[in-house]
Amino acid sequence: IMYSIIQIKIKKGLRKGRKEMKKGMALFLSAALSVAAMTGCGNSGKETKAAETKAETAKETTAETTKESGETAEAASKLTIAASPTPHAEILNEAKKLMAEKGIELEIVEFTDYVQPNKVTDAGDVDANYFQHLPYLENFNEEQGTKLVSAGAIHYEPLGIYPGKTATLEDIKEGAEIAVPNDTTNEARALMLLEANGIIKLKEDAGFTATARDIAENPYNVKIVEMQAEQVARAAQDADLLVLNGNYALQAGFNVGTDALAKEEKDSEAAQTYANIIAVREGDETREDIQALIEVLKSDDIKSFIETTYEGAVLPAE
């Protein structure tokens, strides 16, 4: 992760250096224009003064134009996105050609956790990120003091219950251990899925911030094992059941359509709430290059890629 961040900073430094070189060249050319105007009109004081004034105006206009157009071209020419490897980076890689047709190079920096992508986006090291849903982002902002917003919802990944040491839900035993993500929004989502399948019952007011402490009824006396989302799949040999986020299920070789014992349905409240988004710094959501990315990711080409590639494990957002 540190290597990825260093790479980003080096590239941003090089871009800044190129920008300064362009400014310097514009000033040099404008100065040359001023000298030529002065010497070429040396026979008349009025003409010389007029030429000097014109050259000075040209210099200021050229410098300002170079600054504005250079910065705009710089911003529009490359867009750097932090993303989870699967499916986010894969979807972005598919979008590269479509973005190139719009004159924008898409650079993708992969992260395997749910913290660093938001931190590097907030710091300005990348332009945006693609790995999370809105409830997670809102909770992250509250806890970390960041000011990130959604620029658009792209896809939805159904959460699933997968077998560990226990092969089916019907085989669940007294005291079974169930591994779930430990971040606020995804743990609640996992517990709601367990509740929907009769394994536990939550307090009525628990909602989308539920934790294991909000379990009101536990007929199997299951033990909820809270783990970092990226670690849950590794507990397959120790836990009886796993509740996995879609991207980590894919990385572990699971498909929610064929391997999950139960999953969130497309018309469920969770499906409407947990669409994965493009997150940016507050104010950047209206940038032309960001809007171009949203347009591409919502295009029929990308929707078709998602539906064909992931076979129900990832679904385009409505």
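Please refer to the structure higher up on the page.
Residues numbered from 1 in each chain as written. Predicted model: local features only at pLDDT ≥ 70, side-chain atom pairs only at ≥ 80, totals over all residues. Heavy atoms only, no water.

Student: Sorry if this is basic, but what is going on with the overall build of the protein chain here?
Tutor: Tallying secondary structure elements over the protein chain gives 10 helices and 13 strands in all. Looking at the protein chain as a whole, 47% of its 318 residues qualify as buried. The long-range share in the protein chain, meaning contacts at least 24 apart out of those at least 6 apart in sequence, stands at 76%. Accessible surface computed for the protein chain: about 16,000 Å², of which carbon and sulfur atoms make up 50%. (Helix = DSSP H or I, 4+ residues; strand = E, 2+ residues; numbered from the N terminus. Buried < 20%, exposed > 50% of the residue type's maximum accessible area, 1.4 Å probe, protein only. Contact = heavy atoms within 4.5 Å. Areas by Shrake-Rupley, 256 points an atom, 1.4 Å probe, with all protein chains shown as cover.)

Student: Please clarify how empty space enclosed by the protein should be interpreted in this entry.
Tutor: Rolled over the atoms, a probe with the dimensions of a water molecule shows which regions are left empty. Counted according to the given criterion, the structure contains two cavities of 30 Å³ or more. Of the voids in this model, the largest cavity is the one considered here, and its volume is about 110 Å³. Contributing to the lining of the largest cavity are 13 residues, with Y114, F131, H133, N245 and N276 lying nearest its centre. Of all the secondary structure elements, the ones that give two or more residues to the lining of the largest cavity are β3 (128-133), α6 (184-196) and α7 (246-251). No other element matches β3, which puts three residues into the lining of the largest cavity. Of the residues contributing to the lining of the largest cavity, the split by class is three nonpolar, eight polar and two charged. (1 Å grid on protein atoms, 1.4 Å probe; cavity = no way out; pocket = protein on both sides within 12 Å on 5 of 7 lines; lining within 4 Å. Points joined across faces, edges and corners; volume = space filled by probe spheres on them. Nonpolar A, V, L, I, M, F, W, Y, C, P; charged D, E, K, R; others polar.)

Student: What's the story with the side chain of N129 in this structure? I'm lost.
Tutor: With respect to the helices and strands, N129 occurs in strand β3. Here Q132 takes part through its side chain, which lies 3.0 Å from a polar atom of the side chain of N129. Residues within four places of N129 in sequence aside, it is in contact with I81, A82, P117, N118, T121, I277, I278 and A279. (Polar contact = N/O pair within 3.5 Å; in protein donor to acceptor, adjacent residues only side chain to side chain.)

Student: Explain α6 to me, please; I cannot follow it from the model alone.
Tutor: For an α-helix, the turn length of 3.6 residues means that residues three or four places apart are oriented alike. Its 13 residues place the ends of α6 19 Å apart at the C-alpha level, agreeing with the 18 Å of an ideal helix rising 1.5 Å per residue. Buried within α6 are the following residues: T185, N186, E187, A188, R189, A190, L191, L193 and L194. Just downstream of α6, G198 is the residue with a positive phi angle, here 75°. (Expected span 1.5 Å × (residues − 1).)

Student: What am I meant to see in the packing of helix α3 (residues 85-100) against helix α10 (residues 300-310) here?
Tutor: Packed helix pairs are characterised by how far apart their axes lie and by the angle those axes make with each other. Direction vectors running N to C along α3 and α10 enclose 140°, while the axes themselves pass 10 Å from each other. In terms of their interaxial angle, α3 and α10 are classed as oblique. Crossing handedness for the pair α3 and α10: right-handed. Each of P87, E90, I91, E94, A95 and L98 in α3 lies in contact with α10, whose residues at this interface are D301, I302, F305, I306 and Y310. Along the lines of polarity and charge, the residues of the contact of α3 with α10 split into eight nonpolar, no polar and three charged. (Axes fitted to C-alpha atoms, helices over the stretch in contact; angles between N-to-C directions. Parallel < 35°, antiparallel > 145°, perpendicular 65-115°, else oblique. Left-handed = near helix turned anticlockwise from the far one by under 90°.)

Student: Would you take a moment to explain the environment of S304 for this structure?
Tutor: Position of S304 among the secondary structure elements: in helix α10. The class for S304 is partly exposed, based on a relative accessible area of 38%. Here the alpha-carbon distance between S304 and P316, two residues 12 residues apart in the chain, equals 8.8 Å.

Student: I would appreciate a short explanation of the environment of A128 in the present structure.
Tutor: As for its placement among the helices and strands, A128 is situated in strand β3. Accessibility expressed as a relative area gives 0% for A128, which makes it buried. Along the primary structure A128 and I278 are separated by 150 residues, whereas in three dimensions their C-alpha atoms are 6.6 Å apart.

Student: Quick question: what am I supposed to make of the packing of α3 against helix α9 (residues 288-297) here?
Tutor: Relative to each other, α3 and α9 sit at 110°, their axes nearing to 10 Å. The angle between α3 and α9 places the two elements in the roughly perpendicular class. Where α3 crosses over α9, the two elements pack in a sense that is right-handed. Contact with α3, carried on its side by I91, L92, A95, L98 and M99, involves D289, A292, L293, V296 and L297 of α9 and no other residues of that element. Among the residues making up the contact of α3 with α9, the classes are represented as nine nonpolar, no polar and one charged.

Student: Can you help me understand the nonpolar core in this one?
Tutor: The nonpolar side chains of a soluble globular protein tend to be buried, and buried together. Counting 42 residues, the largest nonpolar core has L92, I278, L293 and L297 as its most contacted members. Once residues within four sequence positions are removed from consideration, L293 is found in contact with L79, I81, L92, M99, L106 and I278. A176, A190, A206 and A262 belong to the second-largest nonpolar core, a separate cluster that totals 23 residues. (Core = buried A, V, L, I, M, F, W, Y, C linked by side-chain atoms within 4.5 Å.)

Student: Whenever I open this one, the environment of P117 confuses me. Can you help?
Tutor: Looking at the secondary structure, you find P117 in helix α4 (residues 116-122). Each C-alpha atom of the pair P117 and Y130 lies 8.2 Å from the other, and the pair is 13 residues apart in sequence. In contact with P117, not counting residues within four places along its chain, are A82, F111, N129 and F131.

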